[in-house]
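The chain contents come next:
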Amino acid sequence: MLKVGLIGCGFMGGMHSACYDAIEGVQVVAVADVRPEKAEEVAKVHGAVIYATGDELIANADVDVIDICLPTYLHTAHAVAAMKKGKNVFIEKPVCMTEEEGKLLLETQKETGAQVQVGQVIRMWDEYVWLKEAIDKKEYGEIRTAVFQRLSNFPTWGWENWLHVAEKSGSMALDLHIHDVDFMRFLMGEPESLISTADRDENGMIEQIFTTFKYPNAVVTVEGCWDYPADFPFSATFRVKCEKATIVNDANGLAVYPNEGGVIKPEIKPAFVGNNDIGGNLSSLGGYYNELKYFVDRLNAGEPLVVAPLAEGIKSVQLVSKEIASVGGAQLK
Ligand SMILES: NC(=O)c1ccc[n+]([C@@H]2O[C@H](COP(=O)([O-])OP(=O)(O)OC[C@H]3O[C@@H](n4cnc5c(N)ncnc54)[C@H](O)[C@@H]3O)[C@@H](O)[C@H]2O)c1
């Protein structure tokens, strides 16, 4: 039984808690949140011990792994402390804020031998898993062009408004848009070059970004936005044109349009359908379940974490940071 210490019991901490509750071979034995009522909410589901801060949990809790669901600017310090304490770690995405933090994380991992998985969940989201398999098998030939979009209304839940402070979240680009950039890297590797354009709010923060990435034989556009009106439905979509077919995932579900005509509708069977559905066009919250089940099963089996390891999460932060730098920064003052 893998014993988890969960740090941060806000939006994602609640999601992870629901997933652990549904996964066998794991027990959340300790939780921490600086808001006692949030810690209490999660602790009562698992009968877990409550700590007032992440630091206190890391210093004192009898756990095998630490799961970090803190605001992004707090990830690195907690992850380093957890690794130094001899724990394996799950860190929500984006794994860190800067190049320097990424370096420190990798050095600490090397020094401690800790196993670390990053919450780049799209790598384990059913429709995207299906796409990756189809592309890897070259079922429809090579990718010629691809478009990935992730669109949302304005997120208002963050503790002390941290999502809308550039130094704490890195803006929408690092927080939301990184999902698709990371998946693009997983699918196609590193691009040769990029061109980004961004729209900003009245404080100069990036609220929407359009980036075109150039590959030797393909072009990919990735769009992210999180300031659509309150009733705008969340959507995460892709359209991938391959040599022999075009694959689409949108509000109508997953569909393959072969060049010779017709349409194929691949059947997606989620391994788990959660209660915390965030709506939109995705089949379920199965991606969160899938990534944590993978994390738990692999650690229990003594096997390495290879789908979304620390080094990969850091490379995605580096690529999004290049986009952000190319438009002048996360916030123009
Ligand atoms: N994978 C995804 O799809 C996804 C979705 C949303 C958020 N995230 C990521 O998850 C992380 C958390 O985001 P969120 O939306 O849950 O934020 P949130 O504000 O809802 O939750 C963060 C929690 O951390 C607590 N906290 C702050 N400082 C603390 C400390 N020192 N010790 C203990 N608790 C502390 C806050 O009280 C809050 O409850 C971020 O990195 C975010 O980017 C990922």
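None of the values given here were measured: they were computed from a predicted structure.

Chemist: I tried to follow the overall build of the protein on my own but got confused; where do I start?
Modeler: Counting its regular elements, the protein contains 10 helices and 13 strands. The C-alpha atoms of the protein give a radius of gyration of 20 Å, which matches the 20 Å a tight globule of 333 residues would have. With 333 residues in all, the protein has 44% of them scored as buried. Residue pairs at least 24 apart in sequence account for 68% of intrachain contacts in the protein once pairs closer than 6 positions are excluded.

Chemist: Could you clarify how one ought to interpret the site of the ligand in this entry?
Modeler: Among the 27 residues in the neighbourhood of the ligand, the closest are listed as Gly8, Gly10, Met12, Glu92 and Trp159. No other element matches the 3 residues that helix 1 (residues 11-22) contributes to the shell around the ligand. Residue composition of the shell around the ligand, grouped by class: 13 nonpolar, 8 polar and 6 charged. Residues lining the shell around the ligand come from more than one domain, with at least three contributed by each of domain 1 (2-120) and domain 2 (122-276 + 309-326).

Chemist: Is there a simple way to think about the sheet that holds strand 3 (residues 49-51) in this case?
Modeler: Paired through their backbone hydrogen bonds, the strands of a sheet run either parallel or antiparallel. The 6 strands lie next to each other as 3-2-1-4-5-6, forming an open sheet whose pairing is parallel. Across the chains shown, the open sheet's two edge strands, defined by having one partner strand only, are strand 3 and strand 6 (116-118). Shown here is a sheet whose adjacent strand axes are inclined to one another by a mean of 25°, direction ignored. Inspection of the sheet shows strand 2 (residues 26-32) paired to strand 3 by 3 bridges, in the parallel sense. If you follow Ala30 over to strand 3, its bridge partner there is Val49.

Chemist: Teacher, can you tell me more about the domain arrangement of the protein here?
Modeler: Note on interface size: it is often stated as the accessible area lost on association of the parts. Its domain assignment divides the protein into domain 1 (2-120) and domain 2 (122-276 + 309-326). Summarising the inter-unit geometry, the C-alpha centres of domain 1 and domain 2 are found 25 Å apart. With 23 residues of domain 1 in contact, the opposing surface of domain 2 contributes 27 residues. If you list the elements that add at least two residues to the side of domain 1 that touches domain 2, you get helix 1, helix 5 (99-112) and strand 6. No other element matches helix 5, which puts 5 residues into the side of domain 1 that touches domain 2. Looking at the side of domain 1 that touches domain 2, its residues break down into 14 nonpolar, 6 polar and 3 charged.

What counts and what doesn't
- Residues numbered from 1 in each chain as written.
- Predicted model: local features only at pLDDT ≥ 70, side-chain atom pairs only at ≥ 80, totals over all residues.
- Helix = DSSP H or I, 4+ residues; strand = E, 2+ residues; numbered from the N terminus.
- Rg over C-alpha atoms; globule rule 2.2 N^0.38 Å.
- Buried ≥ 20, exposed ≤ 12 C-beta atoms within 10 Å, placed from the backbone.
- Contact = placed C-beta atoms within 7 Å.
- Near = placed C-beta within 6 Å.
- Nonpolar A, V, L, I, M, F, W, Y, C, P; charged D, E, K, R; others polar.
- Domains from an automatic or database assignment.
- Pairing = 2+ DSSP bridges.
- Axes fitted to C-alpha atoms, helices over the stretch in contact; angles between N-to-C directions.

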